[in-house]
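Below, each chain spelled out in residue letters.
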Amino acid sequence: MNSLKSQGFAPVVSDLKKDGSEWTVKEKIMLGLSPKEYWAVQLRNPFNWVLWAIYAIGVPILVGRFIFGLGWVTHSSYDYPWGLFLGWGLFTMVPLSASGFMMGTTVELFGRKDFKSIERLGLLNGLLGYLFAVVFLQVDLGQPWRLIYPMFVSLGPAAVLFLVAWHVATYLTCQVAELVPAFSEWMGFPKAKKFIKSIVLGLTIAGIILSTLHQGALGALFTYAPGKVHPLWYSSPFQWLHFFVSAVFAGLSMLIVVSTLTKWFMRWRCDENYLSNLSKLTLGLAKGASMALITYLVIKIIGIAHDNNWAYLLTGWGAWFMFEMVVGVILPLIFYTMAVRNSNASLARFAAILAVFGIALNRLNTALIAFNWQLYREIPHWRELVIVFTVYATYIVVYRAVLARMPILYTWKEKK
Amino acid sequence: MKKLNRRSFLKGGLAGGAAIAAVGTSKQALAGTHNFGGYPDSMGVLVDLTKCVGCRTCEAACNKEQNLPEPDKSFDDPSVFEERREGGLPRRTTEKAYTVVQKYDVPGREHPLFRKVQCNHCNEPACLTSCFVNAYKKTPEGAVIYDKTVCVGCRTCMVACPFYIPAYSYSSPTNPVIKKCIMCYDTRLKFGRPPACVEACPQEVMTFGKRKDLLKLAHQRISDKPDAYVDHVYGENEVGGTAWMYLSDVPFDKIGYDTHLGTQPIISYVKEFLGMVPMVLTIWPALFTGFHLLSNRKDAAKNEENKS
Ligand code: SF4
Ligand code: SF4
Ligand code: SF4
């Protein structure tokens, strides 16, 4: 598509075509290309080849999961009831999607309108991350059709997971609402946008509350297993705080990573306003992330001090822990700080990649690697891995499809 | 001192004022939790490991009583004792076996020690408190039972159980549920009868009775024969106390028991978070609306300046 644009192709940016007639919905879906051109573009893209390969293997296995049960795709471990579906799909995807509430807060609440051009990307990153976390959850639940049981059939309100379920559900609704403006511009329903505008402050505040609680709650879930999670990754008073604070820089870093990807691979879709502001905004996000990182580093150290876990640092687990902290926290912190000081957006982008890696490592450590640290390590079944790739690929496909169409990376030109 | 550190750190403003309040109250909430201690007249089982000969009659009885599927190896096959699951660990409870007997070769002991494993029916069960559909129930008789028809299959109870007891019928695609010992509640305990495994044991390893009487009995046995037992009734205080309790002549940590579980019920480790929830719900809206007004006032002030 980038090359098409350099050949003079103009993507859809308003209700009207160049000649003044209206785009039909179908044409909008086809990105303003003729069907033939559209499919030709899809076929030419090597990234799509990779996706098809993943689907060719992954879809049958995913279908098999629902026909033959979880036992067919996992090792059916009683000792490790949670595997990659939750370790990656829930515990990692959710913090990486914290960007939604962060951007809402920055722009709508603190009135930092200068972040406006990246706000929608932040919101979308949040919405899709949560949506696919739920998809992962549905793959993992033994009886996915009972997902609404904790809501309406049999309530266990004193359980942490109850809170997670309710909050993720409400928050998803919230995020859908926050993105209605983008959708309504694209579809041409201005009324919906006006309505959301009138309640946006309420939505944003609800978003902050829900996010604080469920990001924290994901950490608190592990406080049910005090003896199972290695002490370096466990802290009963601080677990929720660790998870919440790390979600802040996780969300911001993920937003930097995604915005970098859009700048490279979807440049055709970005408008001038987005591209010219991106470096500046990246540094703004970097600043926020570095503040969250330093806070996180301090509370991690306090967590260790509080339980007096220093001795564990000298063991093999300690070395692994230090690796996570150095690569995933301290280096990003240093690079972010340098990037902000020298206005070096590329360095901030590199730091963001490290931080995203660090978060993934931290969540996988807590949920899988350092879980049952006194027993043995569970190596996921290959089918489990294939499903994770397949669902994640779908996440990317949907993400890309929305970015290519709705006014996320560009500003919709309203009818005069 | 530690507490002081924490306080002063929080005051440093890194986490913000609301967090101080939150941590403060959750501390109180925690102090307010006392051990529930279970129902006063609940029943229990005292297992005297010194008497068990590893005949696995109890396993067979449980299989029959609970209508469990035929085992892979028959109940008189001793080779199961040598079976190792991942990590070199002995057999554990599964979806097909609510109780298993493990064998431990203890250096210096004449015979190997056999240990029967099943749900301990905790006074304040972790499984129960972690379940988001409230499937579990601690009955006044002492059993921890569960409602299969609402189990969603999130498997949090398996993560939460400190004894690694609940199993899951992963093999079923359409109706996978949690599977664990229910102390024969439906068929026996409800009517005041001892569980099937207890009754079947030819060596009278297990004594069924009121938990408080069993505790007396256990300590009586220890004081009667101090050389024959280690001075510890496992389950008396572990994670807030359990209905099934154990006597042994070998230190418990040598025969696969986790002796680092502490005496607090598992839920007490989660209370810090649970105590924080209402704080966030009440303080956050006011706090952030305030921020919003403040930041907008700045804007407004700027606009004023620009105008003049
Ligand atoms: S029936 Fe009694 S003696 Fe035999 S294995 Fe079970 S507890 Fe031990
Ligand atoms: S032993 Fe485990 S499964 Fe049994 S009641 Fe206690 S926490 Fe629940
Ligand atoms: S109490 Fe009943 S369900 Fe539990 S192990 Fe014994 S026989 Fe099986």
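Residues numbered from 1 in each chain as written. Chains lettered and ligands numbered in written order. Predicted model: local features only at pLDDT ≥ 70, side-chain atom pairs only at ≥ 80, totals over all residues. Heavy atoms only, no water.

> What's the story with the site of ligand 1 in this structure? I'm lost.
Every one of the 13 residues lining ligand 1 counts as a neighbour, but Cys52, Cys55, Arg56, Cys58 and Cys201 of chain B are closest to it. Among the residues making up the shell around ligand 1, the classes are represented as nine nonpolar, three polar and one charged. (Near = heavy atom within 4 Å. Nonpolar A, V, L, I, M, F, W, Y, C, P; charged D, E, K, R; others polar.)

> Any chance you could explain helix H3 (residues 57-65) of chain B here in plain terms?
One full turn of an α-helix is made of 3.6 residues, so residues set three or four places apart face in the same direction. All names here are of chain B. Within H3, the full set of buried residues consists of Cys58, Glu59, Ala61, Cys62 and Asn63. Of the surrounding secondary structure, the elements contacted by the buried residues of H3 are strand E2 (100-104), strand E3 (113-117), helix H6 (196-200) and strand E8 (206-210). Downstream of H3 by one or two residues, Asn67 has phi in the positive range, about 55 degrees. (Buried < 20%, exposed > 50% of the residue type's maximum accessible area, 1.4 Å probe, protein only. Helix = DSSP H or I, 4+ residues; strand = E, 2+ residues; numbered from the N terminus. Contact = heavy atoms within 4.5 Å.)

> Would you explain the sheet that holds E8 of chain B in this entry?
The strands making up a sheet associate through hydrogen bonds between their backbones, and the pairing can be parallel or antiparallel. Residues and elements named next belong to chain B. Taken together, three strands build an open sheet; the order of strands is E8-E1-E9 and the sheet is mixed. The open sheet has two edge strands with one neighbour each: E8 and strand E9 (244-247). For this sheet, the mean inter-axis angle between neighbouring strands, taken without regard to orientation, is 25 degrees. Sheet analysis places strand E1 (residues 43-48) next to E8, joined by five bridges and oriented antiparallel. Each bridged residue has a counterpart across the sheet, and for Leu46 the counterpart in E8 is Thr207. (Pairing = 2+ DSSP bridges. Axes fitted to C-alpha atoms, helices over the stretch in contact; angles between N-to-C directions.)

> Would you mind showing me how to read the site of ligand 3 here?
The environment of ligand 3 is formed by 13 residues, the closest being Cys62, Cys181, Met183, Cys184 and Cys197 of chain B. Looking at the shell around ligand 3, its residues break down into nine nonpolar, three polar and one charged.

> Looking at this structure, I do not really get the pairing of E3 of chain B. What am I missing?
Each regular strand displays side chains that alternate between the two surfaces of the sheet. Residue and element names in this part refer to chain B. Of all five residues in E3, five are buried; the element is thus mostly enclosed. Across five bridges, E2 lies against E3 in antiparallel orientation. Residue Val100 lies in a different strand from E3, and its bridge partner there is Val117.

> It is not clear to me how the nonpolar core should be interpreted in this structure. Could you clarify?
Note that soluble globular proteins tend to have their nonpolar side chains buried in a common cluster. If you look at the biggest cluster of nonpolar residues, it comprises 229 residues, and the most contacted ones within it are Ile118 and Leu121 of chain A together with Trp244 of chain B. Two domains each put at least three residues into this core: domain 1 (1-36 + 266-308) and domain 2 (40-264) of chain B. (Core = buried A, V, L, I, M, F, W, Y, C linked by side-chain atoms within 4.5 Å. Domains from an automatic or database assignment.)

> Would you explain the confidence of the model for chain B in this entry?
When pLDDT is low, close inspection of the predicted coordinates is not appropriate. Residues and elements named next belong to chain B. In this model, chain B carries an average pLDDT of 83, and 83% of its residues clear a pLDDT of 70 or more. Element-level mean pLDDT values for chain B span from 34 in helix H1 (residues 2-11) up to 96 in E9. Per-residue pLDDT stays below 50 along residues 1-35; that stretch engages in 44 contacts with residues further than four places along the chain or on separate chains. Our summary of model confidence lists the complex with pTM equal to 0.87 and ipTM equal to 0.87. (pLDDT = per-residue confidence, 0-100.)

> What exactly am I supposed to notice about the packing of helix H8 (residues 99-109) of chain A against helix H9 (residues 116-140) of chain A here?
Residue and element names in this part refer to chain A. Viewed as axis vectors pointing N to C, H8 and H9 meet at an angle of 150 degrees, and their least axial separation amounts to 7 Å. Between H8 and H9, the angle is such that the two are roughly antiparallel. By crossing handedness, the relation of H8 to H9 is classed as left-handed. Contact residues: H8 offers Ser99, Gly100, Met103, Gly104, Val107 and Glu108, while H9 offers Lys116, Ile118, Glu119, Gly122, Leu123, Asn125 and Gly126. Split by residue class, the contact of H8 with H9 holds four nonpolar, six polar and three charged. (Parallel < 35°, antiparallel > 145°, perpendicular 65-115°, else oblique. Left-handed = near helix turned anticlockwise from the far one by under 90°.)

> Just to check I follow, could you spell out the interface of chain A and chain B for this structure?
Reports of interface size often rely on the accessible area that becomes lost once the parts have come together. On the chain B side, the residues contacting the 70 residues of chain A number 61 residues. Both faces considered, chain A and chain B share a buried interface measuring about 5800 Å² in area, 68% of it formed by carbon and sulfur atoms. Summed over the three residues of chain A that lose the most area to chain B, namely Tyr78, Tyr224 and Trp240 of chain A, the buried surface amounts to 14% of that side. Our enumeration of links across chain A and chain B arrives at three salt bridges. At the junction of chain A and chain B, the tally comes to 25 residue pairs in polar contact (both at pLDDT 80 or more). Top contributing element to the side of chain A that touches chain B by residue count: helix H12 (residues 190-220) of chain A, with nine residues. (Buried area = accessible area lost by both parts, 1.4 Å probe. Salt bridge = Lys/Arg side-chain N within 4 Å of Asp/Glu carboxyl O. Polar contact = N/O pair within 3.5 Å; in protein donor to acceptor, adjacent residues only side chain to side chain.)

> What exactly am I supposed to notice about the packing of aromatic side chains here?
Geometrically, a pair of aromatic rings is defined through the distance of the ring centres and the angle of the planes. Going through the model one piece at a time under the given rule, you end up with 36 aromatic pairs over all chains. Each ring, one from Tyr410 of chain A and one from Trp412 of chain A, has its centre 6.2 Å from the other, and the planes form 40 degrees; the classification is tilted. With respect to class, Tyr410 of chain A is no different from Trp412 of chain A; both count as buried. Relative to Tyr170 of chain B, the ring of Tyr168 of chain B lies with its centre 5.2 Å away and its plane at 80 degrees, an arrangement referred to as edge-to-face. (Phe/Tyr/Trp six-rings, centres within 6.5 Å; stacked < 30°, edge-to-face > 60°.)

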